[in-house]
Amino acid sequence: MALRKLRFAAPLGIQIAFLTCLFLGSLAALAYDVFRVRTTPQLERLTRQRLLEASSAMAEAAANSATRRPLPVTLGDWNAVGRELSEISDRVLSRFDGVEGGFYLDGDADRFVGYAFPTDRPQRKRRSDKNEPPPLEEPYIRVQAHDCLVLPAGEYSASVHDVGPSRVMIVTEPVGEERPATAATWVMYRLVSPRMLDRQVRRSQVSTGLALAGLLLALGLTARLGLHLKRQQREQNRLRDELRRSERLAALGKLLAGVAHEIRNPLAAIRSTVQLWQRLPEQARTPESLEAVIRSVDRLNETVTQLLRFSRTDSLDRQPVDVHLLLRDTLELFAVQATRQGVELKAAFDERLPSVIGSDPALRQVFVNLIANALDAMPSGGQLEVTTRFGDSGKFVTIDFADSGEGVPPEIAAHLFEPFFTTRPQGTGLG
């Protein structure tokens, strides 16, 4: 049993659509990555508003709590104060995703208490035994919290710092009405964090991978399209060659049919005359019968000569030809016949006409055939005008033959260039 290898390929339209979607997806990922990394003023403004809300809520809750436990407190009460402020921080900050914060106590204490980061539970557990802010940001928070203790009620201090791989915004606000205040809130939000950078790196890797995959697929699809076009071109060339062979065979068939028709008639006349000579040797051999044989032989010779001229036109030597000289000679050749038929010959030649590269005998034969056909179309008189024109592009020479005859019917015009097609009784159809 013969095995055949089956190949399945998606249609070209589906491949292009898939490639387009892949590129659009990679571009979207890259665009998102770029705009996500950039910290715009609008993002900072929105973050500041969130931090201010969180800080105000913490300050208000701590002020209400402080009425029951005045600040500063004694050293023995630090654990209780820390637990109470931690609960406030944890409760308030749980409503603000990604915000961490706590309290700063000044005076003799100069310490942080109540640190909370409720929306980052793993980090919250790791830092449950400490009240200090993250170590890298702690110096900035301490200075800013200490400086804000003298701010009027309702005001706050905000700043943005680049700390290591992070970019953080810090907001501090004094607690209570006393100035300088004995406590201040601090809240912080990472505009760019290491974890965010890791996600951005992963997104960049994914988007870059998508872009590279799209590029590789585009190259593969382009190569495949190139091979497909080459195969199509080879197939078109093969079909074109087959069509040309078919056309040549069809033309050859018509040519052979015309040759057989043109040669059969003179041969039949010669055969009948010779057979008559065989039966009646003395009576049939008259000058008229000999003349008929000679005319038939001449007709055969003329047919063969025109056939050779028809087949060898493209192989004739080409050289510069004076078209006007050829036309004048041809018109002069038909001048007597035109006068006898009452046909007026007119010539309007463009003096700018240069010599053309061509075959003198072939062009002369073309002019003779055209003028002869025009005169045949005007047996009772008329006008034949020959015009030459040199094109504006300087590449073409135009020769027009216009007669006042009846013209060529449409059903005949379609066969004008077929070999051996003619409407004249004595014509060969090779003109």
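These numbers come from a predicted model, not from an experiment.

To continue, consider the overall build of the protein. A count of helical and extended segments in the protein gives 12 helices and 10 strands. Looking at the protein as a whole, 31% of its 431 residues qualify as buried. When contacts within the protein are restricted to residue pairs at least 6 apart in sequence, long-range pairs at least 24 apart make up 66% of them. Carbon and sulfur atoms make up 57% of the accessible area of the protein, which amounts to about 27700 Å² in all.

What follows deals with the sheet that holds strand E4 (residues 166-174). For sheets, the rule is that strands pair by backbone hydrogen bonds, running either parallel or antiparallel. One open sheet accounts for five strands, arranged E2-E1-E5-E4-E3; its pairing is antiparallel. Strands at the two margins of the open sheet, each flanked by one partner only, are strand E2 (111-116) and strand E3 (157-163). This sheet shows a mean twist of 25° between the axes of neighbouring strands, independent of strand direction. By the bridge criterion, eight bridges tie E4 to strand E5 (residues 183-192) in an arrangement that is antiparallel. Residue pairing in the sheet places Glu 173 in a bridge with Thr 185 of E5.

Attention shifts here to the pattern of salt bridges. Considering all chains together, one arrives at 11 salt bridges under this definition. Put simply, Glu 235 and Arg 238 hold a salt bridge, and the shortest N to O gap is 2.3 Å. Here Arg 238 and Glu 235 lie together in helix H6 (residues 194-279), a separation of three residues that amounts to about one turn. Between Asp 400 and Arg 389 there is a salt bridge whose closest N-O contact spans 3.1 Å. Here Asp 400, found in strand E10 (residues 397-403), pairs with Arg 389, found in strand E9 (residues 382-390); they are 11 residues apart in sequence, far enough to count as distant. The class of Asp 400 is partly exposed, set by a relative accessible area of 31%. One connected set of salt bridges, linked through shared partners, spans Glu 44, Asp 162 and Arg 167.

What follows is about the environment of Val 192. Relative to the helices and strands, Val 192 is located in strand E5. Assessed through its relative accessible area of 12%, Val 192 is described here as buried. In the structure, Val 192 is positioned 26 residues away from Ser 166 in sequence and 5.1 Å away in space, judged by C-alpha atoms.

Across the sheet, three strands lie side by side as E7-E9-E10; this open sheet has mixed pairing. Whereas interior strands pair on both sides, the edge strands pair on one side only; in this sheet they are strand E7 (343-348) and E10. Averaged over all pairs of adjacent strands, the angle between their axes in this sheet comes to 10°, without regard to strand direction. Bridge count between E7 and E9: six bridges; the pairing is parallel.

Another point: the nonpolar core. Ranked by internal contacts, the top residues of the largest apolar core, which has 23 residues, are Leu 51, Leu 85, Val 99, Phe 103 and Val 187. If you list the elements that add at least two residues to this core, you get helix H2 (41-66), helix H3 (78-93), strand E1 (99-105), E4 and E5. The leading source of residues in this core is H2, at six residues. With residues near it in sequence (within four places) discarded, Val 187 still touches Leu 51, Ala 54, Ser 55, Met 58, Leu 93, Val 99, Glu 100, Gly 101, Met 169, Ile 170 and Val 171. One finds Phe 349, Leu 353, Ala 372 and Val 386 within the second-largest nonpolar core, a separate group that totals 19 residues.

Take helix H9 (residues 323-333) next. All of the buried residues along H9 are Val 323, His 324, Leu 326, Leu 327, Thr 330 and Leu 331. Each buried residue of H9 sits inside an arc of 160° when the element is viewed along its axis, so together they form one side. Away from its buried face, by an angle of more than 90 degrees, H9 presents the exposed residues Glu 332 and Leu 333. Residue Asp 322 occupies the N-cap position of H9, its side-chain oxygen lying 3.2 Å from the main-chain nitrogen of His 324.

We now examine the confidence of the model for the protein. Per-residue pLDDT for the protein averages 77, and the proportion of residues at 70 or more is 71%. Below pLDDT 50 for its whole length, residues 1-9 participates in one contact with residues either more than four positions away or in separate chains. Overall, residues 72-76 carries pLDDT values under 50, and its contacts beyond four positions in sequence, including any with other chains, amount to four contacts.

Together, Glu 288, Glu 291, Asp 298 and Glu 302 make up a negatively charged patch on the protein surface. Relative to the elements of secondary structure, Glu 302 occurs in helix H8 (residues 287-311).

Bringing the environment of Glu 87 into the picture now. In this fold, Glu 87 is placed in helix H3. Of the residues examined, Glu 87 reaches a relative accessible area of 53% and is grouped as exposed. When the C-alpha atoms of Glu 87 and Tyr 115 are compared, they prove to be 9.3 Å apart, with 28 residues separating the residues in sequence.

If you check helix H11 (residues 360-376), its first and last C-alpha atoms are 24 Å apart, about what 17 residues at 1.5 Å a residue would give, namely 24 Å. The complete set of buried residues in H11 reads Ala 362, Phe 367, Asn 369, Ile 371, Ala 372, Ala 374 and Leu 375. Looking at the buried residues of H11, the elements they touch are H9, helix H10 (335-341), E7, E9 and E10.

Before going further, it helps to examine the packing of aromatic side chains. Under the defined criterion, the tally for this structure stands at four aromatic pairs. Relative to Phe 112, the ring of Tyr 104 lies with its centre 5.4 Å away and its plane at 55°, an arrangement referred to as tilted. Since its relative accessible area comes to 1%, Tyr 104 is described here as buried. You can call Phe 112 buried: its relative accessible area is 2%. Ring geometry for Phe 112 against Trp 186: centres 6.4 Å apart, planes inclined by 85°, an arrangement best described as edge-to-face. With Phe 112 in strand E2 and Trp 186 in strand E5, the pair connects residues that are 74 residues apart, well separated along the chain.

Cut-off values and rules
Residues numbered from 1 in each chain as written. Predicted model: local features only at pLDDT ≥ 70, side-chain atom pairs only at ≥ 80, totals over all residues. Heavy atoms only, no water. Helix = DSSP H or I, 4+ residues; strand = E, 2+ residues; numbered from the N terminus. Buried < 20%, exposed > 50% of the residue type's maximum accessible area, 1.4 Å probe, protein only. Contact = heavy atoms within 4.5 Å. Areas by Shrake-Rupley, 256 points an atom, 1.4 Å probe, with all protein chains shown as cover. Pairing = 2+ DSSP bridges. Axes fitted to C-alpha atoms, helices over the stretch in contact; angles between N-to-C directions. Salt bridge = Lys/Arg side-chain N within 4 Å of Asp/Glu carboxyl O. Core = buried A, V, L, I, M, F, W, Y, C linked by side-chain atoms within 4.5 Å. Arc of directions from axis to C-beta. Polar contact = N/O pair within 3.5 Å; in protein donor to acceptor, adjacent residues only side chain to side chain. pLDDT = per-residue confidence, 0-100. Patch = residues over 30% accessible without salt bridge, like charges linked within 9 Å, V, L, I, M, F, W, Y side chains within 5 Å. Lys, Arg positive; Asp, Glu negative; His and termini not counted. Charge placed at Lys NZ, Arg CZ, Asp CG, Glu CD. Expected span 1.5 Å × (residues − 1). Phe/Tyr/Trp six-rings, centres within 6.5 Å; stacked < 30°, edge-to-face > 60°.

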